[in-house]
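# Residue-level structure breakdown
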Amino acid sequence: MYPQAAAGGRRAASRAPGAHNICCLLTRRAHGFYARDAGVAHRKNLGLLRKIICQESTKFKNVWTTHSASPIAYERGRIYLDNYQCCISSIAQEPRILYQKPKCSKSEKIEDALLLECPLGEMLPSPSDYKSSLIVLTVQNWLLRLSADSGEILEKIYLAGACCKFRYLSWDTPQEIMVVKSAQNKLPAAARQAGIQQSVLFYLAVFQVLPLSFIGMLEINKKIFGNSVTDVAVSNGILIVMHSMGLVRLYNFQAILEQFMEQPFDLGHEFNWNGQVGVVGKYPFGLPYNIKITDTPPLLFEASSLENAFQIGGYPWHYIITPNKKKYKGVFHICSLKDNALVNNTVTVTASGRVVKTRFNLLDDDPEQETFKIVDYEDELDLLSTVAVTQIGADGKAHLDFHCNEHGILLKSIPLLESWDVTYSHEVYFDKDLVLHIEQKPNRRFSCYVYQMVCDTAKDDECSSHEKTERVFCKKGGRIFEYI
């Protein structure tokens, strides 16, 4: 990829500022200037990639499209279809199937998934731990670790019986601490009519990953956190408890684990707990509730925000909220975590939760011209990305723009060829030389559009949009067939 892009850079040197630097950096790398420092080499490579992406001769071409009746997910170069039964690699000139598993029953349906990657510089107990894997949660409370390349089951953990239904996976600390959260615990209608009160709202199971190990299981109880609790989340060592009327409260999650853990347990070991004898993580016993919060933990911080919208990040620490009145919907206040002072200068928050500086005069949103739908920050390339949509009659046209994060200057604009309906749900991923757009239409219809970075040539210019490869996946007899 690099030699071809560098050639494009030489041709465009007179009109693309900094393009000649690509050749210089490639030459220095070939001569071994960065051989003794992998960090320097990595930073130089990312600098090369940024220059190649932003130079004029580089284009992003729609190389592949697929449609599905089930949700489509994307994780680090892999596209998942048919409830994670089909995995397609997007790291190629044209996506290809990595594996395709037989159709699963409803009892084996996957509720959520996380990609697990090998940590650097650590000794792991199993050779399979050094390869990427997928952690999935099934509807029957099984936690499975699958090979990301073959779909083979590497580990299998039973969480709990019918007392709770686990539904969500998330990271407390990315690639280190994982949290499995249940759906909200609700009593049957007959029990509610009989006046029976339900005090336990959610269950949380906490794991350390690679090797996968059990930390603890705990309850979120109304008697401890209040009757108005509506939802809960864990992120970066913070327990986030959301209440009705927009109140958000933060607690030290690590301190809770240490203070209220009654006894540690290891996966696969026998246990005798509250009259139950079994094996930790095995059917039918599952995991013990070994963290019992008996008193309200110390409050770290609280804020009131419309619809509990709350994000925190940046340096120094700031948080973003919407004033808790309906008339302020769509308005965001950014405040200092230190003293709650409202920030009035050029600061905004990204979709990933980071706080970044921008120039609003350069990124102004004119509703009569176009509307910004997605704003994100690519930290490795230090690029601010925006998706802007222009409504043309009944259809909308979108383009993905890359801005210099420091000055807000537009560096690159990538048109998305498919129409963009603002009433649909959209996700856009930018992953090195790949742009991927997932769209959810009414009646559970999903589409995925893949764009690959190419060096513009006369042949490419002659290609029209109808010449791109379009594949439709059709299920027959439990198998997936491709129609081009």
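Residues numbered from 1 in each chain as written. Predicted model: local features only at pLDDT ≥ 70, side-chain atom pairs only at ≥ 80, totals over all residues. Heavy atoms only, no water.

Per an unreviewed UniProt entry, the chain goes by the name DDB1 and CUL4 associated factor 17 and belongs to Strix occidentalis caurina.

## Describing the overall build of the chain
Tallying secondary structure elements over the chain gives seven helices and 33 strands in all. Looking at the chain residue by residue over its 484 residues, the buried ones come to 45%. A fraction of 47% describes how many contacts in the chain between residues 6 or more apart in sequence connect residues 24 or more apart. When the accessible surface of the chain is totalled, it reaches about 25800 Å², and 51% of it is carbon and sulfur. (Helix = DSSP H or I, 4+ residues; strand = E, 2+ residues; numbered from the N terminus. Buried < 20%, exposed > 50% of the residue type's maximum accessible area, 1.4 Å probe, protein only. Contact = heavy atoms within 4.5 Å. Areas by Shrake-Rupley, 256 points an atom, 1.4 Å probe, with all protein chains shown as cover.)

## Quick word on the nonpolar core
Nonpolar side chains tend to gather and get buried jointly when the protein is soluble and globular. Leu143, Leu159, Phe166, Met178, Val180, Phe207 and Leu287 are the most contacted members of the largest nonpolar core, which totals 30 residues. For this core, the secondary structure elements donating two or more residues are strand E6 (110–116), strand E7 (133–138), strand E10 (166–173), strand E11 (177–182), strand E12 (200–208), strand E13 (213–221) and strand E17 (270–273). Residue contributions to this core peak at four residues, all from E12. Apart from the residues within four sequence positions on either side, Val180 is in contact with Leu137, Leu143, Leu159, Phe166, Tyr168, Leu169, Tyr203, Leu204, Ala205 and Phe207. (Core = buried A, V, L, I, M, F, W, Y, C linked by side-chain atoms within 4.5 Å.)

## With respect to the sheet that holds strand E3 (residues 78–81)
Strand order across the open sheet formed by four strands is E2-E3-E4-E5, with antiparallel pairing between neighbours. This sheet does not close on itself; its edge strands, each paired only once, are strand E2 (73–75) and strand E5 (96–100). Each adjacent strand pair in this sheet contributes to an overall mean axis angle of 25 degrees, direction not counted. As paired strands, E2 and E3 are joined by three bridges and run antiparallel to one another. Residue pairing in the sheet places Glu75 in a bridge with Arg78 of E3. (Pairing = 2+ DSSP bridges. Axes fitted to C-alpha atoms, helices over the stretch in contact; angles between N-to-C directions.)

## Quick look at the sheet that holds strand E29 (residues 425–431)
Sheet strands associate in pairs through backbone hydrogen bonding, adopting either a parallel or an antiparallel arrangement. Read from one edge to the other, the open sheet built from four strands follows the order E1-E31-E30-E29, with strand pairing classed as antiparallel. Of all strands in the sheet, those with a lone pairing partner are strand E1 (58–68) and E29, marking the two edges. Strand-to-strand twist across the sheet, computed as the mean angle between neighbouring axes with direction ignored, equals 15 degrees. By the bridge criterion, eight bridges tie strand E30 (residues 434–441) to strand E31 (residues 445–455) in an arrangement that is antiparallel. Looking at the pairing, Lys441 lines up with Arg445 of E31.

## Comments concerning the environment of Ser182
Structurally, Ser182 is set in strand E11. We classify Ser182 as buried; its relative accessible area is 0%. Beyond its immediate sequence surroundings of up to four residues, Ser182 is in contact with Lys165, Phe166, Arg167, Tyr168, Phe202 and Tyr203. Only 2.9 Å separates the side chain of Ser182 from the backbone nitrogen of Tyr203, close enough to count as a polar contact. (Polar contact = N/O pair within 3.5 Å; in protein donor to acceptor, adjacent residues only side chain to side chain.)

## Some remarks on unusual backbone geometry
Among all residues save glycine, negative phi is the norm, and among peptide bonds the norm is trans. Here Leu210 and Pro211 are connected by a cis peptide whose omega angle stands at -5 degrees. Looking at where Pro211 falls in the secondary structure, it is placed in the loop between E12 and E13. Here the bond from Tyr283 into Pro284 is cis, since omega is 5 degrees, no more than 30 degrees from zero. Tracing the chain through its elements places Pro284 in the loop between strand E18 (276–279) and strand E19 (299–304).

## Let's talk about helix H6 (residues 253–260)
Taken together, the buried positions of H6 are occupied by Phe253, Ile256, Leu257 and Phe260. Looking down the long axis of H6, one finds its buried residues gathered within 100 degrees of arc, a one-sided arrangement. Of the residues in H6, the exposed ones pointing more than 90 degrees away from the buried face are Glu258 and Gln259. Buried residues belonging to H6 abut E10, E12, E13, strand E14 (229–235), strand E15 (238–243) and strand E16 (247–252). (Arc of directions from axis to C-beta.)

## Some words on the pairing of strand E27 (residues 395–404)
In terms of burial, E27 is largely enclosed, as eight of its ten residues are buried. Sheet analysis places strand E26 (residues 383–392) next to E27, joined by ten bridges and oriented antiparallel. Bridging from a neighbouring strand, Ala388 pairs with His399 of E27. The loop that links E26 with its antiparallel partner E27 comprises two residues; one of these, Gly393, has a positive phi angle of about 65 degrees. Across six bridges, the pairing between E27 and strand E28 (residues 410–416) is antiparallel. Looking at the pairing, His403 lines up with Leu410 of E28.

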